[in-house]
Amino acid sequence: MPTYRDEAVILRTHKLGEADRIVTMLSRRNGKIRAVAKGVRRTSSKFGSRLEPFMVADLQLYQGRSLDIVQQAESLGAYGADIAAHYDRFTSANAMVETADRLSDAEATPEQYLLLVGGLRALSRGEHAPRSILDSYLLRVMALSGWAPSLSDCARCAAPGPHTHFIGQLGGLVCVNCAPAGSPRISPSTLQLLRSLMQGDWDAVDAAPRSDTAAASGLVSAYAQFHLERGIRSLAHVSDSSGEGTR
């Protein structure tokens, strides 16, 4: 059986038999991978802890017919413990890896891998509010998948902005003529926050008032779940609090 090496983020695991696990990963070069890690649930396992969710590892795998087999695993990013120690970080990380898992194999690019690794690293270090890291990840991952929201011109008729309606189902900002009757308006400060989240302008994100972060989070969540066509279950557990971990 041919072997190959790749870097991967562990997205989720399932028990298999008495001592094995099926590991679902997002890799740097080979997209999403499902592989069997034999014996990792035994206390004597040499790399069981390296194949837990939120961990980043350098792997050697056998290429199987349906499932590959993990032969070696070396840790590249041990983010799991620091994330799991904080509820806000943990729930945000779960939403991120669930989103990555929902993307199709065709969308699992090296850019997707690097984006997820960067998000998990930022969460583990408490660099910014966990919900803001999640929102930035969701906006960017949607853009990488071809679903970038319009944050300037009308998403339907391309009329130049500024516009005051953000409708996720229509692709982002829409003009008053395209907005359905009764559509809520988005404030200029919330719109600017969405742009900052998309661009990674963390000085502006960290300085945003709670009212704007809460409003932006609601828009980002609705936008991502609509385009993924299935709800992100983990989002139901994510707190809107923006105070933990900022600096």
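See above for the structure.
Rules of the game
Think of each chain on its own: its residues are numbered from 1, step by step along the sequence as written. Local features in this predicted model are restricted to residues of pLDDT 70 or higher, and side-chain atom pairs are both shown and tallied only at a pLDDT of 80 or more, whereas totals for entire chains, interfaces and linings draw on every residue. Excluding hydrogens and water, the side-chain figures rest on all heavy atoms present in the structure. For salt bridges, the criterion is a side-chain nitrogen of Lys or Arg within 4 Å of an Asp or Glu carboxyl oxygen. Think of it this way: any DSSP run of H or I at least four residues long counts as a helix, any run of E at least two long counts as a strand, and we number them from the N terminus. Relative accessibility decides the category of a residue: with a 1.4 Å probe and only protein chains considered, values under 20% of the type maximum give buried, values over 50% give exposed, and everything between is partly exposed. Should any heavy atoms of two residues lie within 4.5 Å, those residues are considered in contact. Expected helix span is taken as 1.5 Å per residue step, with the number of steps being one fewer than the number of residues. Axis angles are defined between N-to-C directions and span 0 to 180 degrees, where every axis is a line fitted to C-alpha atoms and, for a helix, only to the segment in contact. Roughly parallel here means an angle under 35 degrees, roughly antiparallel means over 145, roughly perpendicular means 65 to 115, and every remaining angle is called oblique. By definition, any crossing whose near helix is turned counterclockwise from its far helix by less than a right angle is left-handed, and any crossing with a clockwise turn is right-handed. Classes in brief: Ala, Val, Leu, Ile, Met, Phe, Trp, Tyr, Cys and Pro nonpolar; Asp, Glu, Lys and Arg charged; the others, Gly included, polar. When two rings of Phe, Tyr or Trp (its six-membered ring) have centres within 6.5 Å they constitute a pair, described as stacked for plane angles under 30 degrees, edge-to-face for angles over 60, and tilted for the intermediate range.

Caption draft 1: Quick look at the pattern of salt bridges. In total, this model carries 10 salt bridges according to the counting rule given. Of the charged contacts, one joins Asp-6 and Arg-29 as a salt bridge, the two residues approaching to 3.5 Å between their closest N and O atoms. On the criterion of sequence distance, the pair formed by Asp-6 in strand S1 (residues 3–16) and Arg-29 in the loop between strand S2 (20–27) and strand S3 (32–37) is long-range, its members being 23 residues apart. On the basis of relative accessibility, which here comes to 1%, the residue Asp-6 falls in the buried class. The partner of Glu-98 in a salt bridge is Arg-102, and the shortest N-O contact between them spans 3.1 Å. Taken together, the positions of Glu-98 and Arg-102, both in helix H2 (residues 87–102) and four residues apart, correspond to about one turn of that helix. Overall, Glu-98 belongs to the buried group, its relative accessible area being 11%. Residue class for Arg-102 comes out buried when judged on its relative accessible area of 17%. A single salt-bridge network, built from bridges that share partners, covers Arg-12, Lys-32 and Asp-101.

Caption draft 2: Structural context of the environment of Ser-45. Examined against the element boundaries, Ser-45 turns out to sit in the loop between S3 and strand S4 (55–62). Between the C-alpha atoms of Ser-45 and Ala-100, which are 55 residues apart in sequence, the distance is 27 Å. Filtering out sequence-adjacent residues up to four positions away, Ser-45 remains in contact with Gly-39 and Val-40.

Caption draft 3: Spatial organisation of the side chain of Asp-101. Within the secondary structure layout, Asp-101 lies in helix H2. Accessibility expressed as a relative area gives 19% for Asp-101, which makes it buried.

Caption draft 4: Quick peek at helix H3 (residues 110–125). Over its 16 residues, H3 runs 23 Å from end to end, which matches the ideal 22 Å to within 8%, given 1.5 Å per residue. Turning to H3, its buried residues number three or more, namely Gln-112, Tyr-113, Leu-115, Leu-116, Val-117, Gly-119, Leu-120, Ala-122, Leu-123 and Ser-124. Tucked into the core, H3 has its buried residues touching S1, S2, S4, helix H1 (80–84), H2 and helix H4 (130–144).

Caption draft 5: Structural context of the packing of H4 against helix H7 (residues 210–228). Between H4 and H7, the least distance of the axes is 10 Å, while the angle of their chain directions is 40°. Here H4 lies oblique to H7, going by the angle between them. In the packing of H4 onto H7, the handedness of the crossing is left-handed. Facing Arg-131, Asp-135, Leu-138, Leu-139 and Met-142 of H4, the residues of H7 in contact are Ser-217, Val-220, Ser-221, Tyr-223, Ala-224, His-227 and Leu-228. Classifying every residue of the contact of H4 with H7 gives seven nonpolar, three polar and two charged.

Caption draft 6: Molecular detail of the packing of aromatic side chains. What the rule picks out here adds up to two aromatic pairs. Ring centres of Phe-54 and Phe-90 lie 5.9 Å apart, and the angle between their planes is 80°; on these two criteria the pair is classed as edge-to-face. Taken together, the residues Phe-54 in the loop between S3 and S4 and Phe-90 in helix H2 connect sequence positions 36 residues apart. The exposure class of Phe-54 is buried, given its relative accessible area of 4%. Ring geometry for Phe-166 against Tyr-223: centres 6.2 Å apart, planes inclined by 55°, an arrangement best described as tilted. Of this pair, Phe-166 sits in strand S6 (residues 165–167) while Tyr-223 sits in helix H7, placing them 57 residues apart in sequence.

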